[in-house]
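Coordinates in review
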Amino acid sequence: MIDHVVMLALRDSTDLTACREVMDGLDQLTDEIPGFLSFTHGVNIDMEGKSPGYPYGFIARFENRDALARYAADPRHRALGARLVALCGGADRITVYDIERD
């Protein structure tokens, strides 16, 4: 299983409504991409004070590497990802971790 953890350094002017619209689109893909198991998103409450520049994030869970590769290549994901890049002001303002679990 793979947890695809994405933290977003949204621009200060970003309306969270626009971000949540993208999140809704990504969530819909769980029913359409084989092996895309779950999707959760929300505001980063940063309890430890270690990620103040990342106010929002999501976790997408995949069955295996093949499922993550299908998601990465999917044109709907790519279009939604482009919207996130715009909301953040560049791809370098998005941090991604792919954690493989047993």
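The antiparallel open sheet is built from four strands, whose spatial order is β2-β3-β1-β4. Edge positions in the sheet fall to β2 (36–43) and β4 (94–100), since each has one partner strand and no second. Put simply, the sheet's adjacent strands are angled 15 degrees from each other on average, direction ignored. For β2 and strand β3 (residues 56–62), the ladder comprises seven bridges, and the chain directions are antiparallel. Opposite serine 38, over in β3, you have arginine 61 as the bridge partner.

The end-to-end C-alpha distance of helix α3 (residues 75–88) is 20 Å, a good match for the 20 Å that 14 residues give at a rise of 1.5 Å each. Within α3 the residues assigned to the buried category are His77, Leu80, Leu84, Leu87 and Cys88. Angularly, the buried residues of α3 cover 90 degrees about the axis, an arc narrow enough to put them on a single face. Turned more than 90 degrees away from the buried face of α3 sit Pro75 and Arg78, all of them exposed. Each element contacted by the buried residues of α3 is listed here: β1 (2–8), α1 (16–28), β3, α2 (65–73) and β4. Two residues or fewer after α3 comes glycine 89, characterised by a positive phi angle close to 85 degrees.

For side chains of opposite charge, pairing can occur when their charged atoms come near one another. Under the counting rule described, the total for this entry stands at six salt bridges. In this structure, the salt-bridge partner of glutamate 32 is arginine 76, at a minimum N-O distance of 2.2 Å. On the criterion of sequence distance, the pair formed by glutamate 32 in the loop between α1 and β2 and arginine 76 in helix α3 is long-range, its members being 44 residues apart. Taken together, the salt bridges that share partners define one network made up of Asp3, Arg61 and Arg101.

As a further point, take the nonpolar core. Judged by nonpolar contacts, the single largest core of 24 residues is most densely connected at Leu8, Met23, Leu26, Phe36, Phe58, Tyr71 and Leu84. Other than its neighbours up to four places away in sequence, phenylalanine 58 contacts His4, Val5, Val6, Met23, Leu26, Phe39, Thr40, His41, Tyr71 and Leu84.

What counts, and at which threshold
- Residue indices follow the written sequence of each chain, beginning from 1 at its first position.
- Per-residue local features of the predicted model are confined to residues with pLDDT of at least 70, and side-chain atom pairs are confined, for both listing and counting, to 80 or more; whole-chain, interface and lining totals are unaffected and use all residues.
- The side-chain numbers reported here are obtained from all heavy atoms of the structure, hydrogens and water having been left aside.
- Pairing between strands is defined by DSSP: at least two bridges between the two strands are required.
- Secondary structure elements are taken from DSSP: a helix is a run of H or I of four residues or more, a strand is a run of E of two residues or more, and numbering for both begins at the N terminus.
- To obtain each axis, a line is fitted to C-alpha atoms, and for helices this fit is confined to the stretch in contact; angles are then taken between N-to-C directions over 0 to 180 degrees.
- Expected helix span is taken as 1.5 Å per residue step, with the number of steps being one fewer than the number of residues.
- The classification of residues rests on relative accessible area computed with a 1.4 Å probe and restricted to protein chains. Under 20% of the type maximum is buried, over 50% is exposed, and intermediate values are partly exposed.
- It is the directions from the helix axis to the C-beta atoms that the arc portrays.
- Contact criterion: two residues are considered in contact whenever any of their non-hydrogen atoms come within 4.5 Å of each other.
- The term salt bridge refers to a pairing of a side-chain nitrogen on Lys or Arg with a carboxyl oxygen on Asp or Glu at a separation within 4 Å.
- We define a nonpolar core as any set of buried Ala, Val, Leu, Ile, Met, Phe, Trp, Tyr and Cys residues linked to one another through side-chain atoms lying within 4.5 Å.

Geometric values such as these leave the question of function open.
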